[in-house]
Amino acid sequence: MNLIAYALQARARGFHVFPVEPNEKTPHTLTPGQPYTLRWGEAATNNLGRIIDYWRRWPDSNIGVACKPSGLIVVDCDIPKREYQLTGTQYAGLHDSLGPLVDGTDVFRHVCESLGGSWAEAYDTYRVCTGSLGCHYYYLWPQGIRSAEASQASIVKGLVDIRCNAGEWGGYVLGAGSVTTKGAYLAENAAPVRPAPGWLVELCRRREPVRVSSPFRQPGRTGALSGLIATVEQATEGNRNQALLWAARAACADGVPLDDVLEPLSDAYAAAQGDGGHRQAEATIRSAYRLQGRTG
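A count of helices and strands for the protein chain gives 12 helices and 11 strands. Evaluated residue by residue, the protein chain yields a buried proportion of 48% over its 296 residues. Here the analysis covers contacts within the protein chain between residues at least 6 apart in sequence; of these, 72% occur between residues at least 24 apart. About 14,100 Å² of surface is accessible on the protein chain, with carbon and sulfur atoms providing 49% of the total.

This paragraph deals with the environment of Arg194. You can see Arg194 is positioned in strand β11 (residues 194–195). Filtering out sequence-adjacent residues up to four positions away, Arg194 remains in contact with Asp124, Thr125, Tyr138, Tyr139 and Leu140. Within polar-contact distance, the side chain of Arg194 engages the backbone oxygen of Asp124 at 2.9 Å.

The next thing to look at is helix α11 (residues 258–271). The first and last C-alpha atoms of α11 sit 20 Å apart over 14 residues, in line with the 20 Å expected at 1.5 Å per residue. Buried residues of α11: Val261, Leu262, Leu265, Ser266, Ala268 and Tyr269, and no others. Downstream of α11 by a residue or two, Gln273 has a phi angle that is positive, lying close to 65 degrees.

On to unusual backbone geometry. The phi torsion at Tyr84 lies on the positive side, around 55 degrees, for a residue other than glycine. Looking at the element boundaries, Tyr84 is found in the loop between β3 (72–77) and α5 (94–98). For Tyr84, a relative accessible area of 45% puts it in the partly exposed group. Phi at Leu133 is positive, roughly 75 degrees, even though this residue is not glycine. Within the secondary structure, Leu133 sits in the loop between β4 (127–129) and β5 (135–140).

Pairing is possible between side chains that carry opposite charge, provided their charged atoms lie close to one another. All told, the structure shown has seven salt bridges when counted by the stated rule. Across the pair Asp78 and Lys81 runs a salt bridge, and its minimum N-O distance is 3.3 Å. The class of Lys81 is exposed, set by a relative accessible area of 55%. Across the pair Arg249 and Glu202 runs a salt bridge, and its minimum N-O distance is 2.2 Å. Taken together, the residues Arg249 in helix α10 (residues 240–253) and Glu202 in helix α8 (residues 198–204) connect sequence positions 47 residues apart. Given the relative accessible area of 3%, Glu202 is considered buried.

For the rest of this paragraph, the subject is the packing of aromatic side chains. This structure, assessed with the given rule, holds 13 aromatic pairs. When the centroid spacing of 6.3 Å and the interplanar angle of 80 degrees are considered together, the rings of Tyr54 and Trp55 count as edge-to-face. The same class applies to Tyr54 and to Trp55, which are both buried. Members of the aromatic cluster, joined through ring pairs, are Phe108, Trp119, Tyr123, Tyr137 and Trp199. The ring of Tyr123 carries the charged tip of Arg127 above its face, separated from the ring centre by 3.8 Å.

Relative to the elements of secondary structure, Ser61 occurs in the loop between α3 (48–57) and β2 (62–66). Side-chain polar atoms of Ser61 contact the backbone oxygen of Trp58, separated by 2.9 Å. Among residues more than four places away in sequence, those in contact with Ser61 are Leu3, Pro19, Val20, Pro22, His28 and Trp55.

This part is about the state of the cysteines. Summed over the entire model, instances satisfying the criterion amount to zero disulfides. Here Cys135 is not cross-linked by a disulfide; its sulfur's nearest cysteine counterpart is in Cys77, at 6.7 Å. With a relative accessible area of 6%, Cys135 lands in the buried category.

Spatially, the three strands line up as an open sheet ordered β1-β2-β7, and their pairing is antiparallel. The two strands at the open ends of the sheet, each matched to only one other strand, are β1 (16–20) and β7 (172–174). On average, each strand axis in the sheet is inclined to that of its neighbour by 35 degrees, with strand direction left out of account. In the sheet, β1 pairs with β2 via five bridges, with the strands oriented antiparallel. Paired with Val20 across the strands is Asn62, a residue of β2. Sitting on the sheet, α3 touches β1 and β2, and the angle it makes with β1 is about 10 degrees.

Reading guide: rules and limits
- Residues numbered from 1 in each chain as written.
- Predicted model: local features only at pLDDT ≥ 70, side-chain atom pairs only at ≥ 80, totals over all residues.
- Heavy atoms only, no water.
- Helix = DSSP H or I, 4+ residues; strand = E, 2+ residues; numbered from the N terminus.
- Buried < 20%, exposed > 50% of the residue type's maximum accessible area, 1.4 Å probe, protein only.
- Contact = heavy atoms within 4.5 Å.
- Areas by Shrake-Rupley, 256 points an atom, 1.4 Å probe, with all protein chains shown as cover.
- Polar contact = N/O pair within 3.5 Å; in protein donor to acceptor, adjacent residues only side chain to side chain.
- Expected span 1.5 Å × (residues − 1).
- Salt bridge = Lys/Arg side-chain N within 4 Å of Asp/Glu carboxyl O.
- Phe/Tyr/Trp six-rings, centres within 6.5 Å; stacked < 30°, edge-to-face > 60°.
- Lys NZ or Arg CZ within 6 Å of the ring centre and 35° of its normal.
- Disulfide = S-S within 2.5 Å.
- Pairing = 2+ DSSP bridges.
- Axes fitted to C-alpha atoms, helices over the stretch in contact; angles between N-to-C directions.

Here it is, written out as C-alpha coordinates:
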(Lines give C-alpha, C1' and ligand atoms only; values in the text may rest on other atoms or scores of the structure.)
Protein backbone atom coordinates (compact mmCIF):
# COMPACT_ATOMS: atom_id res chain seq x y z
CA MET A 1 0.00 0.00 0.00
CA ASN A 2 1.40 3.39 -1.02
CA LEU A 3 0.75 6.05 1.62
CA ILE A 4 2.28 9.00 -0.22
CA ALA A 5 -1.15 10.60 -0.72
CA TYR A 6 -1.60 10.78 3.06
CA ALA A 7 1.89 12.21 3.51
CA LEU A 8 1.07 14.92 0.97
CA GLN A 9 -2.23 15.67 2.72
CA ALA A 10 -0.32 16.17 5.95
CA ARG A 11 2.10 18.46 4.12
CA ALA A 12 -0.83 20.50 2.77
CA ARG A 13 -1.87 21.15 6.38
CA GLY A 14 1.58 22.55 7.07
CA PHE A 15 2.83 19.50 8.96
CA HIS A 16 6.46 18.35 8.87
CA VAL A 17 6.50 14.60 8.26
CA PHE A 18 8.93 11.69 8.11
CA PRO A 19 8.66 7.96 7.30
CA VAL A 20 7.77 5.49 10.04
CA GLU A 21 8.13 1.72 9.83
CA PRO A 22 5.08 0.02 8.21
CA ASN A 23 2.59 -1.19 10.85
CA GLU A 24 4.77 0.36 13.57
CA LYS A 25 5.29 3.63 15.46
CA THR A 26 9.09 3.78 15.25
CA PRO A 27 11.11 5.82 12.71
CA HIS A 28 11.97 3.96 9.53
CA THR A 29 15.13 1.87 9.39
CA LEU A 30 17.81 3.12 7.02
CA THR A 31 18.78 -0.32 5.75
CA PRO A 32 16.67 -3.50 5.92
CA GLY A 33 17.91 -5.93 8.54
CA GLN A 34 19.97 -3.30 10.39
CA PRO A 35 18.95 -1.47 13.57
CA TYR A 36 19.80 2.06 12.46
CA THR A 37 16.79 4.34 12.02
CA LEU A 38 16.15 7.83 10.74
CA ARG A 39 16.96 10.68 13.09
CA TRP A 40 13.35 11.70 12.85
CA GLY A 41 13.77 15.24 14.20
CA GLU A 42 16.24 15.99 11.41
CA ALA A 43 14.36 13.98 8.78
CA ALA A 44 10.98 15.69 9.35
CA THR A 45 10.22 18.03 6.49
CA ASN A 46 7.51 20.00 4.71
CA ASN A 47 9.53 20.07 1.49
CA LEU A 48 7.59 18.53 -1.38
CA GLY A 49 10.62 17.01 -3.10
CA ARG A 50 11.97 15.36 0.05
CA ILE A 51 8.57 13.93 0.93
CA ILE A 52 8.19 12.45 -2.55
CA ASP A 53 11.69 10.99 -2.32
CA TYR A 54 10.93 9.42 1.08
CA TRP A 55 7.76 7.68 -0.06
CA ARG A 56 9.21 6.61 -3.39
CA ARG A 57 11.89 4.82 -1.38
CA TRP A 58 9.53 3.51 1.30
CA PRO A 59 6.01 3.69 -0.20
CA ASP A 60 4.26 1.75 2.58
CA SER A 61 5.74 3.85 5.39
CA ASN A 62 3.48 5.25 8.05
CA ILE A 63 3.40 9.03 8.43
CA GLY A 64 5.18 10.56 11.39
CA VAL A 65 4.08 14.11 12.22
CA ALA A 66 6.78 16.04 14.11
CA CYS A 67 5.11 18.46 16.50
CA LYS A 68 7.87 21.00 17.12
CA PRO A 69 8.65 21.95 13.49
CA SER A 70 4.94 21.72 12.66
CA GLY A 71 4.08 24.18 15.45
CA LEU A 72 1.65 21.75 17.07
CA ILE A 73 0.32 20.58 20.39
CA VAL A 74 -1.33 17.18 20.02
CA VAL A 75 -3.34 15.75 22.90
CA ASP A 76 -3.44 11.95 22.67
CA CYS A 77 -6.56 10.56 24.35
CA ASP A 78 -6.69 6.79 24.57
CA ILE A 79 -9.35 4.30 25.61
CA PRO A 80 -9.00 2.80 29.11
CA LYS A 81 -6.83 -0.28 29.39
CA ARG A 82 -8.47 -1.53 32.59
CA GLU A 83 -11.27 -0.71 34.99
CA TYR A 84 -10.74 2.09 37.52
CA GLN A 85 -7.55 3.18 35.76
CA LEU A 86 -7.81 6.63 37.38
CA THR A 87 -7.51 5.23 40.90
CA GLY A 88 -4.71 7.03 42.70
CA THR A 89 -4.85 10.07 40.42
CA GLN A 90 -6.52 13.42 41.04
CA TYR A 91 -9.23 12.38 38.57
CA ALA A 92 -10.33 9.25 40.45
CA GLY A 93 -13.65 10.93 41.29
CA LEU A 94 -14.68 10.67 37.64
CA HIS A 95 -15.33 6.98 38.23
CA ASP A 96 -18.14 7.95 40.61
CA SER A 97 -20.04 9.69 37.82
CA LEU A 98 -18.80 7.87 34.69
CA GLY A 99 -18.31 4.31 35.91
CA PRO A 100 -15.30 1.99 35.98
CA LEU A 101 -14.18 2.73 32.42
CA VAL A 102 -13.27 6.38 31.79
CA ASP A 103 -11.57 7.18 28.51
CA GLY A 104 -9.00 9.86 27.81
CA THR A 105 -11.44 12.21 26.14
CA ASP A 106 -13.60 12.22 29.28
CA VAL A 107 -10.56 13.25 31.33
CA PHE A 108 -9.50 15.84 28.76
CA ARG A 109 -12.96 17.38 28.80
CA HIS A 110 -12.96 17.46 32.61
CA VAL A 111 -9.56 19.22 32.64
CA CYS A 112 -10.77 21.71 30.04
CA GLU A 113 -13.90 22.65 31.95
CA SER A 114 -12.22 22.69 35.37
CA LEU A 115 -9.70 25.23 34.06
CA GLY A 116 -12.40 27.51 32.69
CA GLY A 117 -12.22 26.38 29.07
CA SER A 118 -14.99 25.73 26.59
CA TRP A 119 -15.19 22.08 25.57
CA ALA A 120 -17.13 23.01 22.42
CA GLU A 121 -14.19 25.16 21.33
CA ALA A 122 -11.56 22.61 22.34
CA TYR A 123 -13.40 19.86 20.48
CA ASP A 124 -13.81 21.94 17.31
CA THR A 125 -10.39 21.25 15.82
CA TYR A 126 -8.74 18.76 13.49
CA ARG A 127 -8.99 15.28 15.04
CA VAL A 128 -7.61 11.88 14.08
CA CYS A 129 -9.03 8.58 15.33
CA THR A 130 -6.10 6.34 16.28
CA GLY A 131 -5.63 2.68 15.57
CA SER A 132 -6.55 1.81 19.16
CA LEU A 133 -9.81 3.82 18.85
CA GLY A 134 -8.44 6.77 20.79
CA CYS A 135 -8.32 10.31 19.45
CA HIS A 136 -5.61 12.87 18.65
CA TYR A 137 -6.65 16.51 19.12
CA TYR A 138 -4.45 18.86 17.09
CA TYR A 139 -3.81 22.49 18.11
CA LEU A 140 -1.44 25.23 16.98
CA TRP A 141 1.31 26.20 19.42
CA PRO A 142 1.08 30.00 19.89
CA GLN A 143 3.72 32.23 18.39
CA GLY A 144 5.79 34.17 20.87
CA ILE A 145 5.93 31.38 23.46
CA ARG A 146 9.39 29.84 23.57
CA SER A 147 9.44 26.12 22.94
CA ALA A 148 11.79 25.78 25.92
CA GLU A 149 8.82 26.67 28.10
CA ALA A 150 6.80 23.68 26.92
CA SER A 151 6.27 20.50 28.85
CA GLN A 152 5.09 17.14 27.56
CA ALA A 153 4.13 15.85 30.98
CA SER A 154 1.18 13.48 30.69
CA ILE A 155 -2.12 14.47 32.27
CA VAL A 156 -2.69 10.75 32.97
CA LYS A 157 0.12 8.64 31.55
CA GLY A 158 -1.14 6.21 28.94
CA LEU A 159 -4.61 7.73 28.93
CA VAL A 160 -4.11 11.46 28.20
CA ASP A 161 -0.64 12.26 26.85
CA ILE A 162 0.67 15.48 25.34
CA ARG A 163 3.01 15.85 22.39
CA CYS A 164 4.28 19.38 21.82
CA ASN A 165 7.48 21.42 21.66
CA ALA A 166 9.58 20.29 24.60
CA GLY A 167 13.18 19.25 24.15
CA GLU A 168 15.34 19.44 21.05
CA TRP A 169 12.79 18.02 18.64
CA GLY A 170 9.53 17.80 20.56
CA GLY A 171 7.32 14.74 20.25
CA TYR A 172 5.66 13.11 17.28
CA VAL A 173 2.44 11.25 16.46
CA LEU A 174 1.29 9.03 13.63
CA GLY A 175 -0.69 10.96 11.05
CA ALA A 176 -3.92 10.05 9.28
CA GLY A 177 -3.50 7.18 6.85
CA SER A 178 -1.02 5.32 9.03
CA VAL A 179 -1.79 1.72 9.92
CA THR A 180 -0.60 -0.34 12.89
CA THR A 181 -1.42 -3.83 14.07
CA LYS A 182 -4.20 -2.26 16.16
CA GLY A 183 -5.87 -0.52 13.21
CA ALA A 184 -5.85 2.51 10.93
CA TYR A 185 -5.48 6.18 11.79
CA LEU A 186 -8.39 8.06 10.22
CA ALA A 187 -9.13 11.79 10.09
CA GLU A 188 -12.41 12.37 11.94
CA ASN A 189 -13.09 15.66 10.20
CA ALA A 190 -11.71 18.19 7.74
CA ALA A 191 -11.61 21.05 10.24
CA PRO A 192 -8.59 23.34 10.39
CA VAL A 193 -6.14 23.00 13.24
CA ARG A 194 -7.34 25.60 15.77
CA PRO A 195 -5.11 27.74 17.97
CA ALA A 196 -4.45 26.04 21.30
CA PRO A 197 -6.74 27.33 24.07
CA GLY A 198 -4.94 29.47 26.63
CA TRP A 199 -5.59 27.04 29.46
CA LEU A 200 -3.94 24.22 27.46
CA VAL A 201 -0.89 26.33 26.66
CA GLU A 202 -0.48 27.17 30.33
CA LEU A 203 -0.87 23.51 31.24
CA CYS A 204 1.97 22.66 28.85
CA ARG A 205 4.31 25.29 30.18
CA ARG A 206 6.85 24.50 32.85
CA ARG A 207 5.48 24.33 36.36
CA GLU A 208 6.89 27.61 37.63
CA PRO A 209 5.61 31.13 38.39
CA VAL A 210 5.11 33.54 35.53
CA ARG A 211 8.27 35.56 34.92
CA VAL A 212 7.97 37.38 31.63
CA SER A 213 9.01 40.82 30.45
CA SER A 214 5.78 41.53 28.58
CA PRO A 215 2.69 43.70 28.99
CA PHE A 216 1.23 40.86 31.06
CA ARG A 217 3.76 41.38 33.81
CA GLN A 218 3.95 44.56 35.87
CA PRO A 219 6.82 45.68 38.15
CA GLY A 220 4.79 45.64 41.37
CA ARG A 221 1.35 45.89 42.90
CA THR A 222 1.12 49.67 42.71
CA GLY A 223 -0.70 50.51 39.51
CA ALA A 224 -0.18 46.99 38.21
CA LEU A 225 -3.81 46.37 37.36
CA SER A 226 -4.07 49.38 35.07
CA GLY A 227 -1.50 47.88 32.70
CA LEU A 228 -3.06 44.44 32.87
CA ILE A 229 -6.51 45.86 32.22
CA ALA A 230 -5.19 47.70 29.18
CA THR A 231 -3.60 44.50 27.90
CA VAL A 232 -6.93 42.68 28.05
CA GLU A 233 -8.86 45.59 26.54
CA GLN A 234 -6.45 45.86 23.62
CA ALA A 235 -6.18 42.13 22.87
CA THR A 236 -7.14 41.19 19.33
CA GLU A 237 -9.90 38.77 18.40
CA GLY A 238 -8.83 35.19 18.98
CA ASN A 239 -6.29 36.23 21.63
CA ARG A 240 -8.58 37.77 24.25
CA ASN A 241 -9.05 34.74 26.46
CA GLN A 242 -5.35 33.95 26.42
CA ALA A 243 -4.48 37.58 27.23
CA LEU A 244 -6.92 37.46 30.15
CA LEU A 245 -5.42 34.21 31.41
CA TRP A 246 -1.90 35.59 31.35
CA ALA A 247 -2.95 38.92 32.87
CA ALA A 248 -4.63 37.12 35.76
CA ARG A 249 -1.60 34.88 36.28
CA ALA A 250 0.66 37.94 36.33
CA ALA A 251 -1.58 39.57 38.92
CA CYS A 252 -1.49 36.41 41.02
CA ALA A 253 2.29 36.26 40.75
CA ASP A 254 2.42 39.86 42.00
CA GLY A 255 0.39 38.89 45.05
CA VAL A 256 -2.81 40.68 44.05
CA PRO A 257 -5.79 38.96 45.78
CA LEU A 258 -8.29 37.22 43.54
CA ASP A 259 -11.16 39.37 44.79
CA ASP A 260 -9.28 42.50 43.69
CA VAL A 261 -8.96 41.39 40.06
CA LEU A 262 -12.23 39.60 39.32
CA GLU A 263 -14.33 42.67 38.58
CA PRO A 264 -11.82 44.93 36.78
CA LEU A 265 -10.39 42.19 34.56
CA SER A 266 -13.86 40.78 33.82
CA ASP A 267 -15.06 44.24 32.86
CA ALA A 268 -12.04 44.70 30.58
CA TYR A 269 -12.68 41.35 28.89
CA ALA A 270 -16.35 42.14 28.38
CA ALA A 271 -15.49 45.61 27.05
CA ALA A 272 -13.19 43.96 24.51
CA GLN A 273 -16.15 41.79 23.44
CA GLY A 274 -14.49 38.60 24.57
CA ASP A 275 -16.48 35.42 23.94
CA GLY A 276 -18.72 34.51 26.85
CA GLY A 277 -18.57 37.93 28.48
CA HIS A 278 -18.31 38.29 32.25
CA ARG A 279 -19.17 34.65 32.95
CA GLN A 280 -16.35 33.27 30.81
CA ALA A 281 -13.98 35.93 32.13
CA GLU A 282 -14.58 34.98 35.74
CA ALA A 283 -14.02 31.29 34.97
CA THR A 284 -10.76 32.11 33.16
CA ILE A 285 -9.49 34.34 35.99
CA ARG A 286 -10.23 31.68 38.61
CA SER A 287 -8.49 29.11 36.40
CA ALA A 288 -5.44 31.38 36.14
CA TYR A 289 -5.21 31.70 39.92
CA ARG A 290 -5.48 27.93 40.33
CA LEU A 291 -2.75 27.38 37.75
CA GLN A 292 -0.45 30.01 39.27
CA GLY A 293 -1.08 28.68 42.74
CA ARG A 294 -0.10 25.21 41.53
CA THR A 295 3.09 26.41 39.87
CA GLY A 296 4.13 29.08 42.33
